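# Architecture at a glance
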Amino acid sequence: MACFFALFRYLFVRKSCSLTMVFNELLNNLENPSAKLFLQIAVIMALAQLVGLLLKKIRQPLVIGEIIAGILLGPSVLGLVAPGISRFLFPASSLPGLQSLSQIGLILFMFIIGLELDVNQIRKMAYPALVISYASILVPFGFGMLLAYPLYGTYAPSGTTATTFALFMGTAMSITAFPVLAKILHERQLTRTVIGSLALLCAAFNDLTAWCVLGAVVAIAKAKALAGLLVSLLLLVLYLLAMFLGGRPLLRWVFRQYADDHSPQSVSLVVTFLLLLLSCYATEIIGVHALFGAFVAGVIMPPNTHLRTNIAERINDISRLILLPLFFVLTGLKTKINLLDTPQLWLVTALIILVAIAGKLGGCALAARYSRYGWPFSLQLGVLMNARGFMELVVLNIGYDLGIISPTLFAMMVLMALITTLITGPALNIIARYSPQPTNREEAIPL
């Protein structure tokens, strides 16, 4: 009998204590920062791809699915429906790690955007492209500044000057999503048509100008006094001169010397990444934003097709599939649609959307019509340029992090970016359905 009780105690009492300890250890491991990060990335990637594939069936770009996935995982949906799961997946302590990874993804992506921008082609743009480009920047910029002044008293955080707020709103209204536009044109087989090439040229010039303006706005926002602003702007000019007069010749020489080096650790690739990191570092020190430095580093890349393609392929997959969805989720975590809890706030949101569409679509379409394109062509071009998508979110996050816009206005502007991009495909279909046959000047001819 004594042996029986000893065996019972060993098997059940001691073993149960051991199992309890193991179970508690497993529970503690669930809160391990590394384990939590891996789970977050897996959930984000899976949901972003799932929503993106669903929206692709209705001919919407993948980026729309990623934006919606971010909102679904944020406080507006998951935090409201299942707050316990939301707290477990995205505790406040884990957000700095996600933020750092998303910033790396953004830097790499902005570098690719600059890399794909053909500055030589922009220089050769015809007169209509220049007119349309300037109109697609200046008209919505003016509309944004006019809208900013009635919004300033209610939706600008304390400490933000009216000038900074107005300049930022103008910049946010003038953005076109170059990568989203390129994907829409590719999916509709319009890339090598008159309207496709003109839209890409206008969007490229638009984004180049808008990012330069944004750099100045950030410098103004960060400067504490006029002297600090002047120093920041002077340093920004010196930085641009150094990149174009020093960085570009350096890269051109390296590319020429190591053009046949295809190894994974090629000198050209190492020098390119070093220049990218130093460019981001310089813009942060100046008081602009690291994303501006990444964009400029891509723009100054020499026109070597093989190396450009090679570098873009090495960067794009890891940035696009893993790191960028983290940015969309962090945007979703900042977007609190439940703050729009009154009819008045929804009316303001509708006003922002209408102003954004009127400024961008209207200004671009009127400029195209002035350049003697037909109305169907002009309206389609305006619809394409009205797509904001990812680039708008980048600008909004910069403004939010700098304290230029409030959480409520941030939610309104995110909805504006989402809706103006969502309507691009349906609007193109409607115009094409009810428009007459294009004239010779507007027909889809290969370049």
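As shown above, the structure is provided for reference.
Residues numbered from 1 in each chain as written. Predicted model: local features only at pLDDT ≥ 70, side-chain atom pairs only at ≥ 80, totals over all residues. Heavy atoms only, no water.

### Observations concerning the overall build of the chain
Tallying secondary structure elements over the chain gives 20 helices and 0 strands in all. Residue pairs at least 24 apart in sequence account for 80% of intrachain contacts in the chain once pairs closer than 6 positions are excluded. When the accessible surface of the chain is summed, it comes to about 21200 Å², and 69% of that surface belongs to carbon and sulfur atoms. (Helix = DSSP H or I, 4+ residues; strand = E, 2+ residues; numbered from the N terminus. Contact = heavy atoms within 4.5 Å. Areas by Shrake-Rupley, 256 points an atom, 1.4 Å probe, with all protein chains shown as cover.)

### Focus on empty space enclosed by the protein
Inspection of the entire model under this criterion finds 3 cavities of 30 Å³ or more. Considering only enclosed or pocket space, the largest cavity measures out at about 80 Å³ in volume. What lines the largest cavity is a set of 14 residues, among which Gln99, Gln103, Leu106, Phe327 and Asn397 lie closest to the centre. Mapped onto the lining of the largest cavity, the elements with two or more residues apiece are helix 6 (95–115), helix 15 (305–334) and helix 18 (389–401). By residue class, the composition of the lining of the largest cavity is 6 nonpolar, 6 polar and 2 charged. (1 Å grid on protein atoms, 1.4 Å probe; cavity = no way out; pocket = protein on both sides within 12 Å on 5 of 7 lines; lining within 4 Å. Points joined across faces, edges and corners; volume = space filled by probe spheres on them. Nonpolar A, V, L, I, M, F, W, Y, C, P; charged D, E, K, R; others polar.)

### Description of the state of the cysteines
Scanning the model with the defined rule gives 0 disulfides in all. Here Cys364 is not cross-linked by a disulfide; its sulfur's nearest cysteine counterpart is in Cys202, at 6.0 Å. (Disulfide = S-S within 2.5 Å.)

### Quick notes on helix 14 (residues 290–299)
Structurally, the α-helix is built with 3.6 residues per turn, so residues lying three or four positions apart point the same way. Helix 14 sits mainly inside the fold: 10 of its 10 residues count as buried. Those residues of helix 14 that fall on the buried side of the exposure criterion are Ala290, Leu291, Phe292, Gly293, Ala294, Phe295, Val296, Ala297, Gly298 and Val299. (Buried < 20%, exposed > 50% of the residue type's maximum accessible area, 1.4 Å probe, protein only.)

### A few points about the nonpolar core
Counting residues in hydrophobic clusters, the biggest one holds 132 residues, and the most contacted among them are Trp211, Ile352, Phe390 and Leu409. Ranked by the residues each element gives to this core, the list is headed by helix 11 (residues 194–222), at 12 residues. If we ignore the near neighbours within four places in the chain, the residues touching Phe390 are Val63, Leu106, Phe109, Ala177, Val180, Leu324, Phe327 and Phe328. (Core = buried A, V, L, I, M, F, W, Y, C linked by side-chain atoms within 4.5 Å.)

### Regarding the environment of Thr331
Locating Thr331 in the fold gives a position in helix 15. Looking at Thr331, the relative accessible area reads 3%, which means it is buried. Sequence separation between Thr331 and Asn397 is 66 residues; the distance between their C-alpha atoms is 7.2 Å. The contact partners of Thr331, leaving out residues within four places of it in the chain, are Leu393, Asn397, Phe410 and Val414.

### Here we look at the environment of Gln40
Here Gln40 is to be found in helix 2 (residues 33–56). Here Gln40 falls in the buried class, since its relative accessible area comes to 1%. Sequence separation between Gln40 and Val329 is 289 residues, and the spatial gap between their C-alpha atoms is 9.9 Å.

### Brief notes about the pattern of salt bridges
Pairs may arise between side chains of opposite charge once their charged atoms sit close together. Scanning all chains against the criterion turns up 1 salt bridge. Linking Asp401 and Lys334 is a salt bridge whose minimum nitrogen-to-oxygen distance equals 3.0 Å. Taken together, the residues Asp401 in helix 18 and Lys334 in helix 15 connect sequence positions 67 residues apart. Judged by relative accessible area, Lys334 falls into the buried class, the value being 14%. (Salt bridge = Lys/Arg side-chain N within 4 Å of Asp/Glu carboxyl O.)

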